[in-house]
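# Structural overview
The residues making up each chain are set out below.
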Amino acid sequence: MSKLGFIHSIQSLGAADGPGVRFVVFLQGCNLRCGCCHNPDTWDMAAGQEALAEDIAAKAERYREYFGEQGGITISGGEPLLQAEFAREIFALCKARGINTCLDTSGSIWNEKVEALIPFCDRVLLDIKYTSNDAYREYAGCDLDSVLSFLKELEKRKIPTTLRQVIIPTLNDDEENILRLKAIANEHSCVDKVELLPFKKMCSVKYDSLGLDFRFGHLPEPSPTKIAELENILK
């Protein structure tokens, strides 16, 4: 019997969730409450749609001709590590079909189920939200140490890894933070790419519709010039 899980939505031809063109599956449920979260509608596991791993893999295969050499399937969220067994079966079925697999995660969970999932990942997109424990605890709900421990496990297994950070004005848009992020990348040979993503506020309508407070709603979006400046520091 194929594993049953809970999904939020599917984006059939995504271009911002890993290399190439991706079939992106957003799983339902998240253990964090990040102030910058643009998908608050993924938080509650009970609000998801039931789906079978076999059905997800079969749907991904239909888009195979669009993937090219680099594309494939990405499992995102929410936090996919909450449904690690479900994600593992999807990836196992996809790899059997020759489809590249990519996991988009906060890296805030490590257990036996997650450990069993990781070998089926061709790449991991790891969100390093901040470079200090205090900021992590205050604005995300976990700590940096747990994320770095997850990265250490990826390093042990030589899983190609992209570090990603959402740049939020006044919180992590300074040179010191970027230098710390760069140091984390340099300390792990599995990391071959670092991406800085601008904080966006389009999600505010979702918070309004759900009757939730958008904690970072008062903060400005970073300018393209600022992002370019920080990217230069990375280089």
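Summarised in this report is the structure supplied together with it. Positions within a chain are numbered from 1, following the residues in the order the chain's sequence is written. Residue-level local features of this predicted model are given only where pLDDT is at least 70; pairs of side-chain atoms are given and counted only at 80 or more, and the full residue set underlies all totals for whole chains, interfaces and linings. Where side-chain values are given, they derive from all heavy atoms of the structure, hydrogens and water being excluded.

### Remarks on the nonpolar core
The nonpolar side chains of a soluble globular protein tend to be buried with one another. Among the nonpolar cores identified, the biggest contains 66 residues, and Ile56, Ile73, Leu126, Leu154 and Leu163 are the most heavily contacted of them. Runs of E in the DSSP output that reach at least two residues are strands. Runs of H or I that reach at least four are helices, and both are numbered from the N terminus. Among the elements that take part in this core, helix 3 (residues 84–96) stands out by supplying six residues, more than any other. Contacts are assigned to residue pairs with any non-hydrogen atoms lying within 4.5 Å of each other. Ignoring anything within four residues of it in the chain, the contact list for Leu154 reads Ile118, Val124, Leu126, Ile159, Thr161 and Cys190. Throughout this description, the term nonpolar core refers to a set of buried Ala, Val, Leu, Ile, Met, Phe, Trp, Tyr and Cys residues connected via side-chain atoms within 4.5 Å. Note on exposure labels: buried denotes an accessible area under 20% of the residue type's maximum, exposed denotes more than 50%, and partly exposed covers the range between, all computed with a 1.4 Å probe on protein chains only.

### Quick look at the side chain of Thr162
Relative to the helices and strands, Thr162 resides in strand 7 (residues 161–167). Looking at Thr162, its side chain comes within polar contact range of the side chain of Arg123, at 2.9 Å. Setting aside its immediate chain neighbours within four residues, Thr162 contacts Arg123, Val124, Leu125, Leu126, Asp192, Lys193 and Glu195. In protein, a polar contact means a hydrogen-donor-capable atom and an acceptor-capable atom, both N or O and within 3.5 Å, with residues adjacent in sequence counting only if both atoms are side-chain atoms; elsewhere, any N or O pair within 3.5 Å suffices.

### Notes on the packing of helix 7 (residues 175–186) against helix 9 (residues 224–234)
Structural elements are reduced to axes, namely lines fitted to C-alpha atoms, with helices fitted over the stretch in contact, and the angle between N-to-C directions of any two is expressed from 0 to 180 degrees. Between helix 7 and helix 9, the least distance of the axes is 9 Å, while the angle of their chain directions is 40 degrees. Classed by the angle they form, the pair helix 7 and helix 9 counts as oblique. Of the two elements, helix 7 crosses helix 9, and the hand of that crossing is right-handed. Here Glu175, Ile178, Leu179 and Lys182 of helix 7 lie close against helix 9, whose contacting residues are Leu230, Ile233 and Leu234. Charged means Asp, Glu, Lys or Arg here, nonpolar means Ala, Val, Leu, Ile, Met, Phe, Trp, Tyr, Cys or Pro, and polar covers whatever is left, Gly included. Classifying every residue of the contact of helix 7 with helix 9 gives five nonpolar, no polar and two charged. Every angle not falling under 35 degrees, over 145, or within 65 to 115 is termed oblique; those three ranges are roughly parallel, roughly antiparallel and roughly perpendicular. Each crossing gets its hand from how the near helix is turned against the far one by less than a right angle, where anticlockwise is left-handed and clockwise is right-handed.

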